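Single-letter residue listing:
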Amino acid sequence: MQFTVTDAPARERFEARDETGAVAGFVTYQLTGSIIAYTHTEVDPAYEGKGVGSTLARAVMDDARSKGRTVVPICPFLADWLVKHPEYEGIVVRSTRKIK
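Keep in mind that this is a model prediction, so the values were computed, not measured. (Residues numbered from 1 in each chain as written. Predicted model: local features only at pLDDT ≥ 70, side-chain atom pairs only at ≥ 80, totals over all residues. Heavy atoms only, no water.)

J.: Can you walk me through the packing of aromatic side chains in this structure?
T.: Within a pair of aromatic rings, the relevant descriptors are the distance that separates the centres and the angle that separates the planes. Applying the stated rule across the entire model yields four aromatic pairs. Centre to centre, the rings of Phe14 and Tyr38 are 6.5 Å apart; their planes meet at 65°, and the pair counts as edge-to-face. Linking Phe14 in strand 2 (residues 13-17) with Tyr38 in strand 4 (residues 35-43), this pair joins segments that are 24 residues apart in sequence. When sorted by exposure, Phe14 lands in the same class as Tyr38, which is buried. Among the aromatic residues, those joined into a ring-pair cluster are Phe14, Tyr29 and Tyr38. It is Arg13 that lies over the ring of Phe26; its NZ or CZ is 4.2 Å from the centre. (Phe/Tyr/Trp six-rings, centres within 6.5 Å; stacked < 30°, edge-to-face > 60°. Helix = DSSP H or I, 4+ residues; strand = E, 2+ residues; numbered from the N terminus. Buried < 20%, exposed > 50% of the residue type's maximum accessible area, 1.4 Å probe, protein only. Lys NZ or Arg CZ within 6 Å of the ring centre and 35° of its normal.)

So, in structure tokens, the structure goes:
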């Protein structure tokens, strides 16, 4: 199964959709200047185990890199995923004081 990931800025999230257009999962974010905090990842139970989370994680990180953004991975899923993908370390901040 293939998924397409697109930014939905009005909802402050990236959405993964299947071939029929159904939302399979999403990553929420807060954007402040060039800093993007990914706050939550959610996958619809019908799509669990089909790679939706990993597809979303790679898409949001590639998007941040292409836009020159610094990433704050608040979401535990994304933080764990990043441990296995050190190629993104250059744009990730691991500790913060406060995020509005």
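J.: Looking at this model, I keep getting lost on the pairing of strand 2. Mind explaining?
T.: Both faces of the sheet carry side chains from a regular strand, because those side chains alternate between them. Judged by how many residues are buried, strand 2 sits mostly within the fold: four of five residues are covered. Relative to strand 2, strand 1 (residues 4-8) runs antiparallel, the two sharing five bridges. In the strand pairing of strand 2, Thr4 is matched with Arg17. Hairpin remark: strand 1 followed by strand 2, antiparallel, with four residues in the connecting loop; positive phi at Glu12, about 55°. Bridge analysis of strand 2 against strand 3 (residues 23-32) gives five bridges, and the strand direction is antiparallel. The residue bridging Phe14 from the neighbouring strand is Val27, located in strand 3. (Pairing = 2+ DSSP bridges.)

J.: Explain the pattern of salt bridges to me, please; I cannot follow it from the model alone.
T.: Pairs can form between side chains of opposite charge whenever their charged atoms are close. One pass over the structure, following the stated rule, counts six salt bridges. Where Asp63 meets Lys67, a salt bridge forms, and the shortest distance between an N and an O atom there is 3.1 Å. On the accessibility criterion, Asp63 (14% relative accessible area) is buried. Each member of the salt-bridge network shares a partner with another, and the members are Arg11, Arg13, Glu15 and Arg17. (Salt bridge = Lys/Arg side-chain N within 4 Å of Asp/Glu carboxyl O.)

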